[in-house]
Amino acid sequence: MLKTAIIALFLLALAGCGTAPTRSNAQPFSIISEQADPAAGSLTLLINVSGPATQPNVKSIVESIIANRKGEYRHILVKSYTEGMAASDTPFAISRLEDGAVTHRFNSMAETQKIPTH
């Protein structure tokens, strides 16, 4: 009986492996809004970035998004929001692909402010 219970528990553990979602498999962003204008070759994306709201993190995510879509559009505008922000808020960052170059403008007010304790 004990042997059967152990085997059953082992099989249940194996059945559960790989089926639960993990953070590493999740995308580091979600798309809030996407507006494409194929005639003008432009795309506007509003994204919500999950994870750390740092400039290097957001820059990396946006550059990856732009790299995946720049073959379809000449001009790409990405407005990045962090967790807890709404699309009506001022974006954490605004990134653009124009003339083959990507530029980023970060909103200094959206970054976490450090409050001195002493």
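Because the structure is a prediction, the values reported are computed rather than measured. (Residues numbered from 1 in each chain as written. Predicted model: local features only at pLDDT ≥ 70, side-chain atom pairs only at ≥ 80, totals over all residues. Heavy atoms only, no water.)

Draft legend 1. Up close: the confidence of the model for the chain. The predicted model of the chain averages 81 in pLDDT, with 71% of residues at 70 or higher. Mean pLDDT across the elements of the chain ranges from a minimum in helix α1 (residues 2-16), with 51, to a maximum in strand β4 (residues 93-98), with 97. (pLDDT = per-residue confidence, 0-100. Helix = DSSP H or I, 4+ residues; strand = E, 2+ residues; numbered from the N terminus.)

Draft legend 2. Just helix α2 (residues 55-69), in detail. An ideal rise of 1.5 Å per residue puts 21 Å on 15 residues; α2 measures up with 21 Å between its terminal C-alpha atoms. Near the N-terminus of α2, the side chain that reaches the backbone nitrogen of N57, with its oxygen 3.2 Å away, is that of T54. (Expected span 1.5 Å × (residues − 1). Polar contact = N/O pair within 3.5 Å; in protein donor to acceptor, adjacent residues only side chain to side chain.)

Draft legend 3. Structural view of the packing of aromatic side chains. With the rule as written, the count across this model stands at one aromatic pair. Between F92 and F106, the ring centres sit 5.8 Å apart and the planes meet at 75°, which makes this aromatic pair edge-to-face. Of this pair, F92 sits in the loop between β3 (75-82) and β4 while F106 sits in strand β5 (residues 101-106); the two residues are 14 residues apart in sequence, bridging distant segments of the chain. Given a relative accessible area of 1%, F92 falls into the buried group. The exposure class of F106 is partly exposed, given its relative accessible area of 22%. (Phe/Tyr/Trp six-rings, centres within 6.5 Å; stacked < 30°, edge-to-face > 60°. Buried < 20%, exposed > 50% of the residue type's maximum accessible area, 1.4 Å probe, protein only.)

Draft legend 4. Representation of the nonpolar core within the structure. Among the nonpolar cores identified, the biggest contains 19 residues, and I47, I76 and V78 are the most heavily contacted of them. Of all the secondary structure elements, the ones that give two or more residues to this core are β2 (42-49), α2, β3 and β4. Apart from residues no more than four positions distant in its own chain, I47 is found in contact with F29, S30, I31, I32, I61, V62, I65, V78, K79, S80 and Y81. (Core = buried A, V, L, I, M, F, W, Y, C linked by side-chain atoms within 4.5 Å. Contact = heavy atoms within 4.5 Å.)

Draft legend 5. Examining unusual backbone geometry more closely. For D99, which is not glycine, the phi dihedral falls at a positive 55°. Relative to the assigned elements, D99 resides in the loop between β4 and β5.

Draft legend 6. Representation of the environment of K59 in the model. Looking at where K59 falls in the secondary structure, it is placed in helix α2. Its relative accessible area of 37% is what places K59 among the partly exposed residues. Each C-alpha atom, one on K59 and one on S95, is 8.3 Å from the other, the two residues being 36 residues apart in sequence. In this structure, K59 is in contact with H104 and F106, ignoring residues within four places of it in sequence.

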